Amino acid sequence: MKIVDVKCHVLLDPDYNIGATSSAQDDIVVEIITDEGLIGIGESDVNPWIARACIEAPGTHTMGRGITELLIGRDPLDVEAIWEELYVGTAMNGRRGAVIHAIGAVDMALHDLRGKALGKPCHQLLGGAVRDRVTPYASLQPDQSSFDSYKASLVEWALKAQGLGFVAAKLEVTLAGAYAHLGLNAEVERMAEVIEAVRGAVGPDMTLMVDAQYSFTDADSCLAAIREWEPYDVYFLETPLPSDDVEGYARLVAEQPIPIAQGEWLATRFEFEELLRRGAVSVVQPDIGRVGGLTEASRVVRAATDANVPVVPHIWKTGISIAAGIHLAATTESIPFLEFLPRDLSSSNLRRSLIVDDFTMDEGRLVVPSTPGLGIELDRDALERFATVVPNSA
Ligand SMILES: [Mg+2]
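This structure is a prediction, so every number in the text was calculated from the model and none was measured. (Residues numbered from 1 in each chain as written. Predicted model: local features only at pLDDT ≥ 70, side-chain atom pairs only at ≥ 80, totals over all residues. Heavy atoms only, no water.)

**Section: the coordination of the magnesium ion**
Piece 1. The protein atoms that coordinate the magnesium ion are Asp211 (OD), Glu238 (OE) and Glu264 (OE), at distances spanning 2.1 to 2.5 Å.
Piece 2. For the magnesium ion, all donor residues lie on one chain, and their spacing in sequence is D-x26-E-x25-E. Highlighted residues: Asp211 in strand 7 (residues 207-211) and Glu264 in the loop between strand 9 (260-262) and helix 11 (268-277), separated in sequence by 53 residues. Here the two residues Asp211 and Glu264 agree in accessibility, since each one is buried. (Donors = N, O, S within 2.8 Å, 3.2 Å for Na, K, Ca; no water. Helix = DSSP H or I, 4+ residues; strand = E, 2+ residues; numbered from the N terminus. Buried < 20%, exposed > 50% of the residue type's maximum accessible area, 1.4 Å probe, protein only.)

In structure tokens form, the structure reads like this:
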């Protein structure tokens, strides 16, 4: 079997809002097609125009090969070997960042393709499932721009998630900084009020995570604010500091009891290994596409497991990434939770419509698919619809 074509679909939600802190408004979907007519599907959480260029650009020398030209004619079943060829062959195009994120979509598609070719679900080809259910947490970020309405909506959404059977929820509480959602603007100290309101509403048994989305400027101000959070039983605090402040992260991990989660933007296992070595993380959060695909995410899981650190994958795209996350989580006990929103709780049109069937939740757990590959089907009409949107030039 040979790869004969690589298609990149650049998708955009016609209702996208540039002031929203949500990368689920666009998408790069990669299809890898074989001479036998089999198609593998993958996606990545990266600017889709850039990812397409990374995949389609021709190579001009041995250290800067083109991804598509490396793939055409290749036997797609050699998934891990292909990862090495792409990583080594594109070294000068970008050993980290967008090229790796783009390779992640390709690698995800290759895992899907291999599963379909061999008639086996991805988890089986990733070492085998150790469980048939995995535990999702609901990631909650209501579309509100004033402090009071945001707090009230978050309480309402957390109760809704609890009503749907979720045992865990993450509160996006980004009140300030460059990534404040829809212009939300309040003192970071007021995060405590939001967490207190939600904890009061859902009771003591629900696991609550908090995502600050880089809104503290330094470790000192973060330490001062979160010292008050002890009564709220926060499972982890995600990305409180700018991602380059590795020393600051190490201080947070060392000096206070709330586990610190990060890693959604990282590329390759090497970046995770460095954080683990430096004691700068207590929960690692690879995004499967961004880190370099299922091949690389599996290596992150191994590194984290060796370091005794749990893995909670970041998943903010469509059902394609969710499927990849479920297969990965099925293979290890090191993934206590994965990020997941049912269609009805997501405000992303792409998440709601890009794949045909949504995932099955059973008493708060997601059922691991047993169909070949990722076990999902693209909605071809949705693919067409979102591919035709042209972004505002203003
Ligand atoms: Mg986050």
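**What to know about the nonpolar core**
Piece 1. Counting 97 residues, the largest nonpolar core has Leu140, Trp229, Leu237, Val284, Ile320, Phe359 and Leu374 as its most contacted members.
Piece 2. Per-element accounting of this core gives the leading share, 8 residues, to helix 14 (residues 319-330).
Piece 3. Taken together, domain 1 (3-119) and domain 2 (133-367) each give at least three residues to this core, which thus spans both.
Piece 4. Apart from the residues within four sequence positions on either side, Ile320 is in contact with Val29, Ile41, Gly42, Glu43, Met108, Leu354, Ile355, Leu374, Ile376 and Leu378. (Core = buried A, V, L, I, M, F, W, Y, C linked by side-chain atoms within 4.5 Å. Domains from an automatic or database assignment. Contact = heavy atoms within 4.5 Å.)

**So, the pairing of strand 8 (residues 234-238)**
Piece 1. With 4 of its 5 residues buried, strand 8 lies for the most part within the structure.
Piece 2. Pairing between strand 7 and strand 8: 3 bridges, direction parallel. Note on strand 8: the bridge partner recorded for Leu208 is Val234.
Piece 3. In the classification by handedness, the crossover that spans strand 7, the intervening helix 9 (residues 219-226) and the parallel strand 8 is right-handed.
Piece 4. With 2 bridges connecting them, strand 8 and strand 9 associate as parallel partners. When the sheet's bridge partners are listed, Leu237 is paired in strand 9 with Ile260.
Piece 5. Considered for its hand, the β-α-β crossover made up of strand 8, helix 10 (residues 246-255) and strand 9 is right-handed. (Pairing = 2+ DSSP bridges. Right-handed = clockwise from strand over helix to strand, strands pointing away.)

**A short note on the pattern of salt bridges**
Piece 1. According to the stated counting rule, one finds 23 salt bridges in the structure shown.
Piece 2. Lys317 serves as the salt-bridge partner of Asp45, at 3.2 Å between the closest nitrogen and oxygen. In this pair, Asp45 sits in the loop between strand 3 (39-44) and helix 1 (48-56) while Lys317 sits in the loop between helix 13 (294-306) and helix 14, placing the two residues 272 residues apart along the sequence. Across this residue pair, the class does not change: Asp45 and Lys317 are buried.
Piece 3. A salt bridge links Glu247 to Arg278, with the shortest nitrogen-to-oxygen separation between them at 2.9 Å. Remark: Arg278 occurs in the loop between helix 11 and strand 10 (283-284) and Glu247 occurs in helix 10; sequence separation between them is 31 residues.
Piece 4. Arg278 sits in the partly exposed class, given a relative accessible area of 37%.
Piece 5. Each member of the salt-bridge network shares a partner with another, and the members are Lys170, Glu172, Asp211, Glu238 and Glu339. (Salt bridge = Lys/Arg side-chain N within 4 Å of Asp/Glu carboxyl O.)

**Observations concerning the pairing of strand 6 (residues 168-172)**
Piece 1. With respect to burial, strand 6 is a largely interior element, 5 of its 5 residues being buried.
Piece 2. Pairing of strand 5 (residues 136-140) with strand 6, which is carried by 3 bridges, proceeds in the parallel orientation. When the bridges of strand 6 are listed, Ala138 appears paired with Ala169.
Piece 3. Taken together, strand 5, helix 7 (residues 147-163) and strand 6 constitute a β-α-β crossover, and its handedness is right-handed.
Piece 4. Examined bridge by bridge, strand 6 and strand 7 share 5 bridges and lie parallel to one another. Looking at strand 7, one finds that Leu171 is bridged to Val210.
Piece 5. Handedness of the β-α-β unit built from strand 6, helix 8 (residues 191-202) and strand 7 comes out right-handed.

**Quick word on the layout of surface pockets**
Piece 1. When its volume is computed, the largest pocket comes out at roughly 710 Å³.
Piece 2. Looking at the largest pocket, it is lined by 31 residues, and the ones nearest its centre are Ala20, Thr21, Ser22, Ser23 and Asp45.
Piece 3. In terms of domain composition, the lining of the largest pocket takes at least three residues from each of domain 1 (3-119) and domain 2 (133-367).
Piece 4. As a volume, the second largest pocket reaches approximately 360 Å³.
Piece 5. If you go around the second largest pocket, you meet 27 residues; those closest to its centre are Ser22, Trp316, Ser346, Ser347 and Ser348.
Piece 6. Breaking the lining of the second largest pocket down by element, the ones donating at least two residues are strand 5 and helix 15 (349-353).
Piece 7. Split into classes, the residues belonging to the lining of the second largest pocket amount to 11 nonpolar, 10 polar and 6 charged.
Piece 8. Taken domain by domain, the makeup of the lining of the second largest pocket includes at least three residues from each of domain 1 (3-119) and domain 2 (133-367). (1 Å grid on protein atoms, 1.4 Å probe; cavity = no way out; pocket = protein on both sides within 12 Å on 5 of 7 lines; lining within 4 Å. Points joined across faces, edges and corners; volume = space filled by probe spheres on them. Nonpolar A, V, L, I, M, F, W, Y, C, P; charged D, E, K, R; others polar.)

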